[in-house]
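Coordinate analysis (summary)
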Amino acid sequence: MKNDLDHIITGCLKNDPGAQKELYELYSPVLYAICLRYMKRSDRAEDVLIESFYKILTKMNTYKQDGSFEGWMKRIVVNEALMELRKNNALNLSVELNPVHEKAVDENIISKLGYEEILSLVNQLPDGYRTVFNLYVIEGYKHREIADILGISINTSKSQLILAKKRLQEYIEKKIYRLRNIL
């Protein structure tokens, strides 16, 4: 696989349309899933994916090979998604002034939900909550990094994450309650 990827990258650096198509076909499912985590609508996620691939293909010569190529592409996708959210003023992050205490999450409840159900619940979060949740939980950024990326304070990042988890817990509890009443 490594040799195949090296061959594809070499072809993309030479602007070979066949190699570009191979790269797209190989990575678009993974990168599209990232887009969906940040964009509520699939058409917006597709736009971000296309913009991301344009940037990947035109900036490929800047890839330094000091990390994984896939990781480099994922970072571009996340940055493109954040730019799209900023462009549409969707990142309305608020500061929680009262201390918020995290409620314990029932792992049994979460284990009963599938990926699509969890993604659907995450997509119901307000953009600010969802963005911080994705950056921290999924992408693995630290609060300081999130604060720098989004231009917010570390405490706002922490507050947004706690509130996102709290809201997700409420969504999950409602979903489980409805499932129990159906059965």
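Heads up: these notes are all about the structure in this document. Quantities reported herein were computed from a predicted structural model and do not represent experimental measurements.

Examining the overall build of the protein
Looking only at helices and strands, the protein has 9 helices and 0 strands in total. Listing each helix as α and each strand as β along the protein from the N terminus yields α-α-α-α-α-α-α-α-α. The buried share among the 183 residues of the protein stands at 40%. A fraction of 71% describes how many contacts in the protein between residues 6 or more apart in sequence connect residues 24 or more apart.

What to know about helix H8 (residues 143-150)
All of the buried residues in H8 are His143, Ile146, Ala147 and Leu150. With its buried residues spanning 100 degrees around the axis, H8 presents them on a single face. Of the exposed residues in H8, those oriented more than 90 degrees away from the buried face are Arg144 and Asp148. Of the residues one or two after H8, Gly151 is the one with positive phi, at around 70 degrees.

Concerning helix H3 (residues 42-58)
Over its 17 residues, H3 runs 24 Å from end to end, which matches the ideal 24 Å to within 8%, given 1.5 Å per residue. Residues of H3 that are buried: Arg44, Ala45, Val48, Leu49, Ser52, Phe53 and Ile56. Elements in contact with the buried residues of H3: helix H2 (17-38) and helix H4 (69-87).

Observations concerning the packing of H2 against helix H6 (residues 115-123)
Following both chains from N to C, one finds H2 and H6 inclined at 40 degrees, their axes separated by 8 Å at the closest point. When the axes of H2 and H6 are compared, the pair comes out oblique. Across the interface between the two elements, Ala33, Leu36 and Arg37 of H2 pack against Tyr115, Leu119 and Asn123 of H6. In terms of residue class, the contact of H2 with H6 is made up of 4 nonpolar, 1 polar and 1 charged.

Some points on the environment of Gln169
You can see Gln169 is positioned in helix H9 (residues 154-182). For Gln169, a relative accessible area of 10% corresponds to the buried category. Spatially, the C-alpha atom of Gln169 lies 9.6 Å from that of Leu121, the residues being 48 residues apart in sequence.

Some details on the pattern of salt bridges
Following the criterion strictly, the structure yields 8 salt bridges and no others. One salt bridge connects Lys55 with Glu80, and the closest N-O pair in it is separated by 2.8 Å. One end of the pair, Lys55, is in helix H3; the other, Glu80, is in helix H4, and 25 residues separate them in sequence. On the accessibility criterion, Glu80 (10% relative accessible area) is buried. Each of Arg44, Glu84 and Lys87 takes part in one network of salt bridges that share partners.

Some thoughts on the side chain of Ser157
Topologically, Ser157 is positioned in helix H9. Here Ser157 falls in the buried class, since its relative accessible area comes to 0%.

Conventions adopted
Residues numbered from 1 in each chain as written. Predicted model: local features only at pLDDT ≥ 70, side-chain atom pairs only at ≥ 80, totals over all residues. Heavy atoms only, no water. Helix = DSSP H or I, 4+ residues; strand = E, 2+ residues; numbered from the N terminus. Buried < 20%, exposed > 50% of the residue type's maximum accessible area, 1.4 Å probe, protein only. Contact = heavy atoms within 4.5 Å. Arc of directions from axis to C-beta. Expected span 1.5 Å × (residues − 1). Axes fitted to C-alpha atoms, helices over the stretch in contact; angles between N-to-C directions. Parallel < 35°, antiparallel > 145°, perpendicular 65-115°, else oblique. Nonpolar A, V, L, I, M, F, W, Y, C, P; charged D, E, K, R; others polar. Salt bridge = Lys/Arg side-chain N within 4 Å of Asp/Glu carboxyl O.

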